[in-house]
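A closer look at the structure
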Amino acid sequence: MDLLEEYRRANFFFESGDPLGASRLLEPIVEAEPHNTAVRQLLARAYFNSAQLNGAETQLRALIEHDPSDHYAHHVLGRTLERAGRFREALPHLRLAAAMKQQPDYQDALRRVETWLGKNESA
C-alpha cells in the first residue's frame, strides 16, 4: 500500500464531504504510521465530522499526549466532548486552546460551554 497516495485519497474524500470514507482510508495509515500527527489529526477530524466521537476522542488524546501544546487538538477535543454532552470535561480543553491561540471559533466554543454550564448550575 502506498501510504502517501492513500493519505491523498483520504484527504480528497474528507474535503469532498465524505468523512466516513476518509476515516476508513486513514485507519490503516495511522496503524502503520502511529507517530504521523498530520494523518492522526485528519483521522480525528474525519471521526468528528462523521459523529464517531469515541474515535475522535481517542485520536485527539493521542495527539495531546504527543504534544501538550497542540492548541488545535485541545480545541477539537473540547468540541468533541461538548458534542457528546460532556461539558465539564470539555471546558478545560476549550480554555487551554483559547488561551494558547486567539481564534474566534475557540472563543465561541468556550463561551458556549461556559454559558451552558452556568445555566445548568443555577437551575
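Residues numbered from 1 in each chain as written. Predicted model: local features only at pLDDT ≥ 70, side-chain atom pairs only at ≥ 80, totals over all residues. Heavy atoms only, no water.

- Looking at an unreviewed UniProt entry, one finds the protein named Tetratricopeptide repeat protein and attributed to Actinoplanes oblitus.

1. Digging into the packing of aromatic side chains
- Per the counting criterion, the structure on display carries 1 aromatic pair.
- The interplanar angle of 20° and the centroid separation of 3.8 Å between the aromatic rings of F87 and W116 together place this pair among those described as stacked. On the criterion of sequence distance, the pair formed by F87 in helix α6 (residues 87–100) and W116 in helix α7 (residues 104–121) is long-range, its members being 29 residues apart.
- What makes W116 partly exposed here is its relative accessible area of 38%.
- Residue placement shows R83 over the ring face of F48; its charged tip is 4.8 Å from the ring centre. (Phe/Tyr/Trp six-rings, centres within 6.5 Å; stacked < 30°, edge-to-face > 60°. Helix = DSSP H or I, 4+ residues; strand = E, 2+ residues; numbered from the N terminus. Buried < 20%, exposed > 50% of the residue type's maximum accessible area, 1.4 Å probe, protein only. Lys NZ or Arg CZ within 6 Å of the ring centre and 35° of its normal.)

2. Focus: the packing of helix α2 (residues 19–32) against helix α3 (residues 37–49)
- Between α2 and α3, whose axes approach to 9 Å, the crossing angle comes to 145°. For the crossing formed where α2 meets α3, the hand is left-handed. Here P19, A22, S23, L26, E27, I29 and V30 of α2 come into contact with α3, specifically with V39, R40, L42, L43, A46, Y47 and N49. (Axes fitted to C-alpha atoms, helices over the stretch in contact; angles between N-to-C directions. Left-handed = near helix turned anticlockwise from the far one by under 90°. Contact = heavy atoms within 4.5 Å.)

3. Looking at the nonpolar core
- L26, L60, L94 and V113 are the most contacted members of the largest nonpolar core, which totals 34 residues.
- At the level of secondary structure, the elements contributing two or more residues to this core comprise α1 (3–15), α2, α3, α4 (53–66), α5 (71–83), α6 and α7.
- A per-element tally of this core places α3 first, with 7 residues.
- The contact partners of L60, leaving out residues within four places of it in the chain, are A44, A73, V76, L77 and T80. (Core = buried A, V, L, I, M, F, W, Y, C linked by side-chain atoms within 4.5 Å.)

4. Observations regarding the environment of L43
- Mapped onto the secondary structure, L43 falls in helix α3.
- Of the residues examined, L43 reaches a relative accessible area of 1% and is grouped as buried.
- Along the backbone, L43 and L91 are 48 residues apart, and their C-alpha atoms lie at a distance of 23 Å.
- The contacts of L43, once residues within four sequence positions are left out, are S23, L26, E27, V30 and Q59.

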